[in-house]
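Descriptive analysis of the structure
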Amino acid sequence: MPLSEQEQRLLDEMERHLLHNDADIVSAPSGDRTLSYRNLVYGAVLLLVGIGALVAGVALGSQLGAVVSIIIGVVGFAAMLVGVILAVTPVRRVGGSAPTPPSASPKTPQNSSSFMDRMNDRWDRRQDGH
């Protein structure tokens, strides 16, 4: 059953409103913090070292003694925990914290614009054409 003209207009208005609100949420500035590639790598290495220490503590438990293997296991677990925290903790951006000025022609998407911004621009152009 096709929609009436009034229902179609209402549906189009709801879609535009929803897309506008979603675009605002998706493109909201996240502040001046970002994940650091260096911290991700260091955190992953520390995580792997912690896993290795934990496995070594369990594997060498009968040869080293129970107390030493427990200490090695706890140190390995602590290393894993610190590695994960280091990897996921955002750091402050050093440069470029000033907002970029808007482009002269709003119809052409910039390379730095997000995927959702480009999709919203395409949707707006398509709606203006009809």
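Because the structure is predicted, anything quoted here is derived from the model rather than measured.

The rules we used
- Residues numbered from 1 in each chain as written.
- Predicted model: local features only at pLDDT ≥ 70, side-chain atom pairs only at ≥ 80, totals over all residues.
- Heavy atoms only, no water.
- Helix = DSSP H or I, 4+ residues; strand = E, 2+ residues; numbered from the N terminus.
- Buried < 20%, exposed > 50% of the residue type's maximum accessible area, 1.4 Å probe, protein only.
- Contact = heavy atoms within 4.5 Å.
- Areas by Shrake-Rupley, 256 points an atom, 1.4 Å probe, with all protein chains shown as cover.
- Axes fitted to C-alpha atoms, helices over the stretch in contact; angles between N-to-C directions.
- Parallel < 35°, antiparallel > 145°, perpendicular 65-115°, else oblique.
- Left-handed = near helix turned anticlockwise from the far one by under 90°.
- Nonpolar A, V, L, I, M, F, W, Y, C, P; charged D, E, K, R; others polar.
- Patch = residues over 30% accessible without salt bridge, like charges linked within 9 Å, V, L, I, M, F, W, Y side chains within 5 Å.
- Salt bridge = Lys/Arg side-chain N within 4 Å of Asp/Glu carboxyl O.

**Brief notes about the overall build of the protein chain**
- Secondary structure assignment for the protein chain yields 5 helices and 2 strands.
- Ordered by position from the N terminus, the helices and strands of the protein chain form the series α-β-α-α-α-β-α.
- Evaluated residue by residue, the protein chain yields a buried proportion of 12% over its 130 residues.
- Within the protein chain, contacts between residues separated by at least 24 positions form 77% of all contacts whose residues are at least 6 apart in sequence.
- Just so you have it, the protein chain exposes about 10,300 Å², and 66% of that area is on carbon and sulfur atoms.

**Some points on the side chain of Ser 69**
- Position of Ser 69 among the secondary structure elements: in helix α4 (residues 66–88).
- For Ser 69, a relative accessible area of 14% translates into the label buried.
- The residues touching Ser 69, leaving out its near neighbours within four places in the chain, are Gly 57 and Gly 61.

**As for the packing of helix α2 (residues 37–59) against α4**
- With their axes 7 Å apart at the nearest point, α2 and α4 run at an angle of 165° to one another. It follows from the interaxial angle that α2 and α4 lie roughly antiparallel. Handedness of the crossing formed by α2 with α4: left-handed. Contacts between α2 and α4 pair Asn 39, Leu 40, Tyr 42, Gly 43, Leu 46, Leu 47, Gly 50, Ile 51, Ala 53, Leu 54 and Gly 57 from the former with Ser 69, Ile 72, Gly 73, Gly 76, Ala 79, Met 80, Val 82, Gly 83, Val 84, Leu 86 and Ala 87 from the latter.
- Here the contact of α2 with α4 is built from residues that sort into 14 nonpolar, 8 polar and no charged.

**With respect to a nonpolar patch on the surface**
- Taken together, the side chains of Tyr 37, Val 41, Tyr 42, Val 45 and Val 49 present a nonpolar region at the surface, about 530 Å² in accessible area.
- In this fold, Tyr 37 is placed in helix α2.

**Digging into the environment of Val 75**
- Turning to its location among the elements, Val 75 is positioned in helix α4.
- For the pair formed by Val 75 and Gly 57, sequence separation is 18 residues and the distance between their alpha carbons is 9.4 Å.

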